[in-house]
Amino acid sequence: MIVFPNAKINAGLRVINRRPDGYHDIETMMIPVKLADALEVTPSADGQFGFTTSGLAIDGPTDLNLCVKAFRLMQTRYGLPEVKIHLHKVIPTGAGLGGGSSDAAFTLKLLNRIFSLKLCNNDLMQMAEELGSDCSFFIENRPCLATGRGEVLFPVHPDLNEFHILIVKPDLSVSTAWAYSHVKPSGRHLPEAADLPSDPGRWQAVLSNDFEEAVFENWPEIAAIKNQLLKLGAVYASMSGSGSAVFGLFKSRPDYKGLFKGNFVWEGMVG
């Protein structure tokens with residue numbers, strides 16, 4: 001069985017404060033986009049576990065991959081037999097697009113279907129929280145205002161159906177650990193879920209990303225991408241998460257021919 005774990009973007013990201021447990025309280029609007037990996041999981045015919053990949057390179061040992069961790073978590077809880085997992089990686093890593101978190105969440109959902117576990121979304125979200133702060137978002141996979149570490153979710157309803165999105169990631173990655181160690185918590189809150197503007201044309205003034213200051217200072221080429229997207233006519237442009245990807249939302253398809261050479265570029269409709 002094959003599914004397509006999609007990416008997300010962050011419209012606004014406030015880092016409120018550092019918590020006693022070492023994490024940070026944040027507020028952000030997360031929105032699913034159609035850029036996606038491909039994930040296949042099948043019961044193992046030979047009784048041996050297998051994990052293979054294709055597409056973009058994935059760093060790190062197999063047992064630390066979030067797909068594998070998601071499977072082992074569910075196997076421990078529900079006594080699942082071994083499986084074969086193949087992940088075709090399209091979403092770049094170190095981009096702030098949530099690709100690894102999405103892969104983990106979709107692994108949980110796919111295993112639930114394959115083995116007819118009949119788990120509800122709340123059960124899946126509890127497991128997803130153990131795998132990473134963003135993972136639970138991808139269980140229901142709809143626009144949400146996220147608070148806490150990013151795991152407390154409130155549905156929102158932005159008007160995005162007719163907007164084009166252009167995502168640009170330079171040939172560099174920003175470590176999440178680096179970003180959190182250099183960000184200056186603003187203590188400033190986003191609007192409440194009910195007060196978030198539905199029109200992206202109003203977002204630039206109220207939805208800023210607190211990570212941009214430190215990241216742009218260290219990697220000015222990322223700031224340059226954001227400025228270029230605004231010059232192209234984006235009604236809203238921002239770095240996603242802790243970077244390094246930047247996205248712009250457009251009312252019509254942007255003409256970016258000849259721009260962003262050497263970068264990862266993806267464009268499509270948001271809704």
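Just so it is clear, the structure is predicted and the values come from calculations on it, not from any experiment.

Engineer: So what about the sheet that holds strand S10 (residues 236-239)? Which residues, and what values?
Structural biologist: Read from one edge to the other, the open sheet built from four strands follows the order S10-S11-S9-S12, with strand pairing classed as antiparallel. Either end of the sheet is taken by a strand with one partner, and the two such strands are S10 and strand S12 (264-269). Going from strand to strand, the sheet's axes swing by 15° on average, the running direction of each strand aside. Examined bridge by bridge, strand S9 (residues 164-169) and strand S11 (residues 246-250) share five bridges and lie antiparallel to one another. Paired with Leu166 across the strands is Gly248, a residue of S11. Relative to S11, helix H7 (residues 220-231) is tilted by about 5°, and along the sheet it contacts S9, S10 and S11.

Engineer: Just give me the short version of the side chain of Arg149, but keep the residues and values in it.
Structural biologist: Among the structural elements, Arg149 can be located in the loop between strand S7 (144-147) and strand S8 (152-155). The side chain of Arg149 is buried and forms no salt bridge, while Glu151, the nearest opposite charge, is found at 4.3 Å. A distance of 2.9 Å separates the side chain of Arg149 from the side chain of Ser133, its partner in a polar contact. Setting aside residues up to four positions removed in sequence, Arg149 forms contacts with Arg19, Tyr23, His24, Ile26, Glu129 and Ser133.

Calculation criteria
Residues numbered from 1 in each chain as written. Predicted model: local features only at pLDDT ≥ 70, side-chain atom pairs only at ≥ 80, totals over all residues. Heavy atoms only, no water. Pairing = 2+ DSSP bridges. Helix = DSSP H or I, 4+ residues; strand = E, 2+ residues; numbered from the N terminus. Axes fitted to C-alpha atoms, helices over the stretch in contact; angles between N-to-C directions. Contact = heavy atoms within 4.5 Å. Buried < 20%, exposed > 50% of the residue type's maximum accessible area, 1.4 Å probe, protein only. Lys, Arg positive; Asp, Glu negative; His and termini not counted. Salt bridge = Lys/Arg side-chain N within 4 Å of Asp/Glu carboxyl O. Polar contact = N/O pair within 3.5 Å; in protein donor to acceptor, adjacent residues only side chain to side chain.

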